[in-house]
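Architecture at a glance
Here's the letter readout for the chains.
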Amino acid sequence: MKKEENTIGKHKLLIVEDDRDLREMTALYLKQKGFTVLTAENGDEALEIISHTIPQLILLDIEMPGRDGFEVCQEIRKQLIVPIIFVSVRQQMVDKLTCFELGGDDYVTKPFDFNELEARIRANIRRYHVNLAKGAKVLKYGDLEIHIDNKKCYLNGEMIPLTAKEMKLLIQLAQYPKRIWSHDQLYDDIWSMDATGNIQTVKVHIRNLRKKLEKSKDVRYIHTVRGFGYSFSMEKNDRASK
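Fair warning: this is a prediction, and the values are worked out from it, not measured in the lab.

**Comments concerning the layout of surface pockets**
- Estimates place the volume of the second largest pocket at around 190 Å³.
- Taken together, His183, Lys203, Ile206, Arg207, Arg210, Thr224, Val225, Gly227, Phe228, Gly229 and Tyr230 form the lining of the second largest pocket.
- Residue assignment for the lining of the second largest pocket shows that the elements contributing at least two residues are helix 8 (199-213), strand 11 (219-225) and strand 12 (229-236).
- No other element matches the 4 residues that helix 8 contributes to the lining of the second largest pocket.
- Grouping the constituent residues of the lining of the second largest pocket by class yields 4 nonpolar, 4 polar and 3 charged.

Take a look at the structure:
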């Protein structure tokens with residue numbers, strides 16, 4: 001697995017491509033255009049990457065050793081709803097239709113023009129964010145409701161006052177139930193800084209969130225996974241979340 005980043009990039013992309021030269025050329029071009037770029041040479045590496053970070057868009061090759069792009073797309077869709085652009089030498093309509101049926105958002109045929117690829121990437125990211133903005137998305141876990149559009153949280157119908165950072169932290173956890181997040185990952189995503197040495201900041205905010213949300217001793221939403229970090233789900237009598 002190879003990770004390439006440009007810290008000024010606003011959007012994080014994941015390139016899944018087994019052709020090393022094409023993978024590196026595409027990564028270099030997109031980095032020069034201001035994107036943060038992660039790369040994987042096969043499906044297993046791609047799935048390992050998305051297990052601990054969330055790209056804003058994924059470029060996915062079809063023909064790869066091991067898992068092919070179709071199988072990888074199905075696995076990704078179990079975890080993420082971010083745009084997926086298939087990139088392939090295949091030009092048959094049946095392959096394109098299969099990509100869209102499996103959850104792909106766009107299809108680019110090799111060889112491609114980098115300018116066109118960039119335009120498609122920006123268009124898909126823009127469309128994704130517009131669609132999110134149109135819908136008043138609400139996450140519901142029992143008596144807990146998290147309104148993502150207006151950044152409000154309700155418990156048993158009563159609004160719970162959360163700070164901006166607490167709300168961001170709660171949304172980050174609740175959008176991906178049962179996914180394990182390390183202290184460093186949460187700090188990096190919520191505070192947008194180097195997480196080294198700032199684990200205590202995350203712990204304090206988690207503790208404050210629990211006090212506000214978990215008024216019943218029988219229900220817990222934020223769970224401690226010892227030695228790893230935290231995960232979110234609505235469970236009762238969870239001994240690990242003390």
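What follows picks up the thread again.
**Things to note about helix 8**
- Its 15 residues give helix 8 an end-to-end C-alpha distance of 21 Å, which sits within 8% of 21 Å, the value for a rise of 1.5 Å per residue.
- Along helix 8, the residues that are buried comprise Val202, His205, Ile206, Leu209, Arg210 and Leu213. Mapping the buried residues of helix 8 onto a view down its axis gives an arc of 140°, with all of them on the same face.

**Thoughts on unusual backbone geometry**
- Residues lysine 110 and proline 111 are joined by a peptide bond in cis, for which omega reads -10°.
- You can see proline 111 is positioned in the loop between strand 6 (106-109) and helix 5 (114-134).
- Backbone geometry places lysine 178, a non-glycine residue, at a positive phi of 70°.
- Locating lysine 178 in the fold gives a position in the loop between helix 6 (164-174) and helix 7 (183-191).

**Concerning the pairing of strand 2 (residues 12-16)**
- Among the 5 residues of strand 2, 5 are classified as buried, and the element is accordingly described as predominantly covered.
- Because side chains alternate across strand 2, one face comprises the buried residues Lys12, Leu14 and Val16, and the other comprises Leu13 and Ile15, equally buried.
- Pairing of strand 2 with strand 3 (residues 36-40) involves 5 bridges; the strand directions are parallel. Across the sheet, residue isoleucine 15 finds its bridge partner in strand 3, namely threonine 39.
- Considered for its hand, the β-α-β crossover made up of strand 2, helix 1 (residues 20-32) and strand 3 is right-handed.
- Taken together, the 4 bridges between strand 2 and strand 4 (residues 57-61) define a ladder with parallel strand orientation. From the neighbouring strand, leucine 14 faces strand 4, where its bridge partner is isoleucine 58.

**Here's the deal with the nonpolar core**
- Among the nonpolar cores identified, the biggest contains 53 residues, and Leu14, Ile58, Leu60, Phe86 and Phe232 are the most heavily contacted of them.
- It is helix 6 that provides the largest number of residues to this core, a total of 6 residues.
- If sequence neighbours within four positions are ignored, phenylalanine 232 has contacts with Tyr141, Leu144, Leu170, Leu173, Ala174, Pro177, Lys178, Arg179, Tyr221, Ile222 and His223.
- Of all hydrophobic cores here, the second largest spans 17 residues; its members include Ile15, Ala27, Val37 and Phe112.

**A few points about the state of the cysteines**
- Across all of its chains, the model carries 0 disulfides by this definition.
- This cysteine, cysteine 73, is not joined by any disulfide, and cysteine 99 carries the nearest cysteine sulfur, 7.4 Å off.
- Taking the relative accessible area as the measure of exposure, cysteine 73 reaches 0% and is therefore buried.

**A look at the packing of aromatic side chains**
- Overall, the coordinates contain 7 aromatic pairs when judged by the stated rule.
- Considering the side-chain rings of tyrosine 29 and phenylalanine 114, the 5.1 Å spacing of their centres and the 20° angle between planes classify their relative orientation as stacked. Of this pair, tyrosine 29 sits in helix 1 while phenylalanine 114 sits in helix 5; the two residues are 85 residues apart in sequence, bridging distant segments of the chain.
- We classify tyrosine 29 as buried; its relative accessible area is 13%.

**What to know about the packing of helix 7 against helix 8**
- The contact between helix 7 and helix 8 brings their axes to 9 Å, and the two run at 85°. Here helix 7 is positioned roughly perpendicular relative to helix 8, judged by the angle of their axes. Packed against helix 7, whose contacting residues are His183, Asp184, Leu186, Tyr187 and Trp191, the element helix 8 presents Ile199, Thr201, Val202, Lys203 and His205 at the interface.
- In terms of residue class, the contact of helix 7 with helix 8 is made up of 5 nonpolar, 3 polar and 2 charged.

**Let's talk about the environment of threonine 36**
- Tracing the backbone through its elements, the reader meets threonine 36 in strand 3.
- Spatially, the C-alpha atoms of threonine 36 and lysine 12 are 4.5 Å apart, while their sequence positions differ by 24 residues.

Reading the values: the criteria
- Residues numbered from 1 in each chain as written.
- Predicted model: local features only at pLDDT ≥ 70, side-chain atom pairs only at ≥ 80, totals over all residues.
- Heavy atoms only, no water.
- 1 Å grid on protein atoms, 1.4 Å probe; cavity = no way out; pocket = protein on both sides within 12 Å on 5 of 7 lines; lining within 4 Å.
- Points joined across faces, edges and corners; volume = space filled by probe spheres on them.
- Helix = DSSP H or I, 4+ residues; strand = E, 2+ residues; numbered from the N terminus.
- Nonpolar A, V, L, I, M, F, W, Y, C, P; charged D, E, K, R; others polar.
- Expected span 1.5 Å × (residues − 1).
- Buried < 20%, exposed > 50% of the residue type's maximum accessible area, 1.4 Å probe, protein only.
- Arc of directions from axis to C-beta.
- Pairing = 2+ DSSP bridges.
- Right-handed = clockwise from strand over helix to strand, strands pointing away.
- Core = buried A, V, L, I, M, F, W, Y, C linked by side-chain atoms within 4.5 Å.
- Contact = heavy atoms within 4.5 Å.
- Disulfide = S-S within 2.5 Å.
- Phe/Tyr/Trp six-rings, centres within 6.5 Å; stacked < 30°, edge-to-face > 60°.
- Axes fitted to C-alpha atoms, helices over the stretch in contact; angles between N-to-C directions.
- Parallel < 35°, antiparallel > 145°, perpendicular 65-115°, else oblique.

Geometric values such as these leave the question of function open.
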